[in-house]
Amino acid sequence: MLKNTFTLLLLISISTLFSQNNTNYWQQYANYDMDIDFDDTNYQYDGDQKLVYSNNSPDTLTRVFYHMYFNAFQPGSEMDVRSRTIQDPDSRVGDRISKLSEDEIGFMRATSLTQDGVALDYELVGTVLEVELNKPILPGDSSTFSMEFEGQVPVQIRRSGRNNAEGVELSMTQWYPKMAEYDFEGWHADPYIGREFHGVWADFDVKITIDKDFILGGSGYIQNPNEVGYGYEDVGVDVKRRGKKLTWHFIAPDVHDFAWAADKDYIHDTVTGNDGTTLHFLYKDNENTKDNWKNLQSKTVELLDYFNEHIGPYPYNQYSVIQGGDGGMEYAMCTLITGEREFGSLVGVTAHEMAHAWFQHILATDEAQHEWMDEGFTSYISGLAMNEVMGQNRINPTAGSYRGYVSLANSGYEQPQTTHADRYEYNQAYGTSAYSKGAVFLGQLGYLIGKENLQQVLNRYFDEWKFKHPTPNDFIRVAEKVSGAELSWYLNDWTRTTNTIDYGIKEVNTAQGTTNITLERIGLTPMPLEVKVDYKGGTSETFYIPLRIMRWEKPNAGTVVEDWAWAYPTYDLVISSTRYGVEKIEIDPSGYMADVNRDNNVLVLEE
Ligand SMILES: [Zn+2]
């Protein structure tokens, strides 16, 4: 008995120690129950929110924080001032927030808040509501927060808002008081400046009461389809919408966000995917774009198949592609995209945002800190999916990302990928770092461990980390376990520094029937090398030089020669053929190694 108690205590203390490095994973849980009454004459709404919050952390919480995102859309907000002071503002925002009038701004305010029935002190500070608890929430305990709140939907500026450029009336994203996430790093009460996703895994029950002429789409399954109709009703049901307003009842399980959109002249189509997922399409009744939206539907079925196979099975029963917002933005079980596009662009934006259903809304990385896992992984996999679904036949669908990264690396404006997503000097540097360098991270991982291994890594990463908050280390550990290679150096050099890859051919010497190719490491980041040698007469041979710190060799990479230890700036590749037999030497002909200077990668020998 005593021994068992001791063992239990020891286990508890060990698990508490290890929780800091994510080997003993925990996450908070929230259960939202919301009742919204929407007034479309002034775009204001009142809400009641009951939030049951479970503290699964090993820590006692004395405060909590809510995101109140709509306050970003007010003159003088951090989003506004940042947009007016950054070197290269997002053209969608610019100085537009500074010009909003009182009835055009967004706001989100709590009018009362209780914890387990007792009133709480709180203070609204920009886009964050800071709350002192009456009663600390102990590890393993939960509390019920009841909030009454009021909001106003801003004129559409960025992502959310009313009356976007294509005439969609309501893009309702980041629209409700949302509990900030608390994880192994503590609170993440980030102000809303540009990026927004790191939320508590939750279940949502949402009732939205709004003018009955609106057609809604969004996160969650509609619970009263035969009352709302508009294509949600069961076949043959005669839907009668009595009264002025209609209540839409949604349930969204296992999500970390809830979004919706509404318009009075949406067309609503549904298609069933090959895995049984119901795909909803809500788009404006516009003669110029209607055909594209019809043709998009079969392509979306193919995209779903692609992601199911190459990442993991989509776990919800429904996904909705909704016209709204200001470009494309991912949400739980849905996306809002602008719809007045060429067909290729419409499929492309759908591919990207749909891939985010996996890389953000199932594998929920902290987007503010690890933006490259969110945007980069999405860019990588959607590029591959587009290549297949649109029959693009590109040899390297990630080539554009490589070009973007190399140009950033050579520009002098690159910041490490560990930079907070809101803290880049230039929006462009954020974009290239997150999207392009992030996509190259995966493309290049395929170069390091082989494409088959990379595919297994993605599938296992999905299995192990779905419905959680994976970190960069969690991902690279999966890659190490699948391949057997040591890869922490890659995560470190690539994502935490601006070190670059540059290998070159320094010189070639011939003596006693051998050719000695002296290779040079010029950049600080190490890589294993694949060197292709073309011989006169049309034959060729690829030499694989393993990287010593990987403690591993890639299968089927060519003729394996001695490994290269990073600290040595040069390496002699000695091949048993005379100089006159060698015609051309090329480092990384595949292009999957992100060498920032390829001029010195190729040498054609003269007679
Ligand atoms: Zn994206």
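If you're wondering where the values come from, they're calculated on a predicted model, not measured in any experiment.

Cut-offs and rules
Residues numbered from 1 in each chain as written. Predicted model: local features only at pLDDT ≥ 70, side-chain atom pairs only at ≥ 80, totals over all residues. Heavy atoms only, no water. Helix = DSSP H or I, 4+ residues; strand = E, 2+ residues; numbered from the N terminus. Rg over C-alpha atoms; globule rule 2.2 N^0.38 Å. Buried < 20%, exposed > 50% of the residue type's maximum accessible area, 1.4 Å probe, protein only. Areas by Shrake-Rupley, 256 points an atom, 1.4 Å probe, with all protein chains shown as cover. Contact = heavy atoms within 4.5 Å. Donors = N, O, S within 2.8 Å, 3.2 Å for Na, K, Ca; no water. Pairing = 2+ DSSP bridges. Core = buried A, V, L, I, M, F, W, Y, C linked by side-chain atoms within 4.5 Å. Phe/Tyr/Trp six-rings, centres within 6.5 Å; stacked < 30°, edge-to-face > 60°. Lys NZ or Arg CZ within 6 Å of the ring centre and 35° of its normal. Axes fitted to C-alpha atoms, helices over the stretch in contact; angles between N-to-C directions. Polar contact = N/O pair within 3.5 Å; in protein donor to acceptor, adjacent residues only side chain to side chain. Salt bridge = Lys/Arg side-chain N within 4 Å of Asp/Glu carboxyl O.

### Some remarks on the overall build of the chain
- A count of helices and strands for the chain gives 11 helices and 31 strands.
- Rg of the C-alpha trace for the chain: 27 Å, near the compact-globule value of 25 Å for 607 residues, within the 12% margin.
- In terms of its C-alpha atoms, the chain occupies a principal-axis envelope of roughly 95 × 75 × 50 Å.
- In the chain, buried positions account for 57% of the 607 residues.
- When the accessible surface of the chain is split by element, carbon and sulfur atoms take 47% of a total near 24,400 Å².

### Overview of helix H11 (residues 488-496)
- Residues of H11 that are buried include every one of Trp489, Tyr490, Leu491, Asp493, Trp494 and Thr495, and no others.
- The secondary structure elements touched by the buried residues of H11 are helix H6 (371-389), helix H7 (399-409), helix H8 (427-449) and helix H10 (472-483).

### Quick word on the coordination of the zinc ion
- Ligation of the zinc ion by protein atoms is provided by His352 (NE2), His356 (NE2) and Glu375 (OE), these donors lying 1.9 to 2.1 Å from the ion.
- Counting the intervening residues between successive donors of the zinc ion yields the motif H-x3-H-x18-E. Pair noted here: His352 and His356 are both in helix H5 (residues 343-358), with a separation of four residues, about one helical turn.

### Thoughts on the sheet that holds strand S15 (residues 215-218)
- Taking strand neighbours across the sheet as the criterion, the four strands line up as S9-S10-S18-S15 in an open arrangement whose pairing is antiparallel. Pairing within the sheet leaves two strands with one partner each, and these edge strands are strand S9 (161-162) and S15.
- The pairing of S15 with strand S18 (residues 260-263) spans four bridges and is classified as antiparallel. Within S18, the position partnered with Ile215 by the bridge is Asp263.

### Focus on the nonpolar core
- Tyr66, Phe145, Trp175, Trp260 and Leu519 are the most contacted members of the largest nonpolar core, which has 174 residues in total.
- Among the nonpolar cores identified, the runner-up in size contains six residues, and Leu408, Ala421, Tyr430 and Ala434 belong to it.

### Here we look at the packing of aromatic side chains
- Applying the stated criterion across every chain, the model contains 46 aromatic pairs.
- Measuring from ring centre to ring centre gives 6.0 Å for Tyr402 and Tyr592, while their planes differ by 85°; the resulting arrangement is edge-to-face. Pair noted here: Tyr402 is in helix H7 and Tyr592 is in the loop between strand S30 (582-587) and strand S31 (602-604), with a separation of 190 residues, a long-range link. Here Tyr402 and Tyr592 have matching classes, each one buried.
- Ring pairs connect the aromatic residues Phe359, Trp372, Phe377, Tyr405, Phe441, Tyr461, Phe475, Trp489, Tyr490 and Trp494, which therefore count as one cluster.
- Above the face of the Tyr230 ring, Arg241 is positioned so that its terminal group lies 3.7 Å from the ring centre.
- Stacked on the ring of Trp465, the Lys or Arg Lys468 has its end atom at 5.3 Å from the ring centre.

### So, the pairing of strand S3 (residues 61-67)
- Across the seven residues of S3, five count as buried, placing the element largely inside the fold.
- Sheet topology places S3 next to strand S7 (residues 128-137); six bridges connect them, and they run antiparallel. The partner of Arg63 across the bridge, within S7, is Glu132.

### Topic: the sheet that holds strand S25 (residues 514-521)
- Strand order across the open sheet formed by three strands is S24-S25-S29, with antiparallel pairing between neighbours. Strands with a single pairing partner mark the edges of an open sheet, and in this sheet they are strand S24 (503-511) and strand S29 (570-575). Put simply, the sheet's adjacent strands are angled 20° from each other on average, direction ignored.

### What to know about the environment of Gly344
- Among the secondary structure elements, Gly344 is positioned in helix H5.
- For the pair formed by Gly344 and Met386, sequence separation is 42 residues and the distance between their alpha carbons is 9.3 Å.
- Residues within four places of Gly344 in sequence aside, it is in contact with Met386 and Met390.

### Some remarks on the environment of Tyr230
- Relative to the helices and strands, Tyr230 is located in the loop between helix H3 (225-228) and strand S17 (245-255).
- One polar contact links the side chain of Tyr230 to the main-chain carbonyl oxygen of Lys212, over a distance of 2.6 Å.
- Looking at Tyr230, its side chain comes within polar contact range of the side chain of Arg241, at 3.4 Å.

### As for the pattern of salt bridges
- Evaluation of the coordinates by the stated rule reveals 29 salt bridges.
- The residue Arg109 makes a salt bridge to Glu150 at a minimum N-O spacing of 3.4 Å. Of this pair, Arg109 sits in strand S4 (residues 107-115) while Glu150 is found in strand S8 (residues 142-152), placing the two residues 41 residues apart along the sequence.
- Judged by relative accessible area, Arg109 falls into the partly exposed class, the value being 37%.
- The partner of Asp116 in a salt bridge is Lys135, with the nearest N and O atoms 2.8 Å apart. With Asp116 in the loop between S4 and strand S5 (118-119) and Lys135 in strand S7, this pair connects stretches of sequence that are 19 residues apart.

### Examining the side chain of Gln360
- Among the structural elements, Gln360 can be located in the loop between H5 and H6.
- In this structure Gln360 touches Phe197, His256, Glu330, Thr365, Glu367 and Asp374, once residues within four positions along its chain are discounted.

### Remarks on the environment of Met79
- Here Met79 lies in helix H2 (residues 78-85).
- With 18 residues separating them in the primary sequence, Met79 and Ile97 have C-alpha atoms 8.3 Å apart.
- Met79 has contacts with Ala72, Phe73, Ile97, Tyr192 and Ile193, leaving out every residue within four places of it along the chain.

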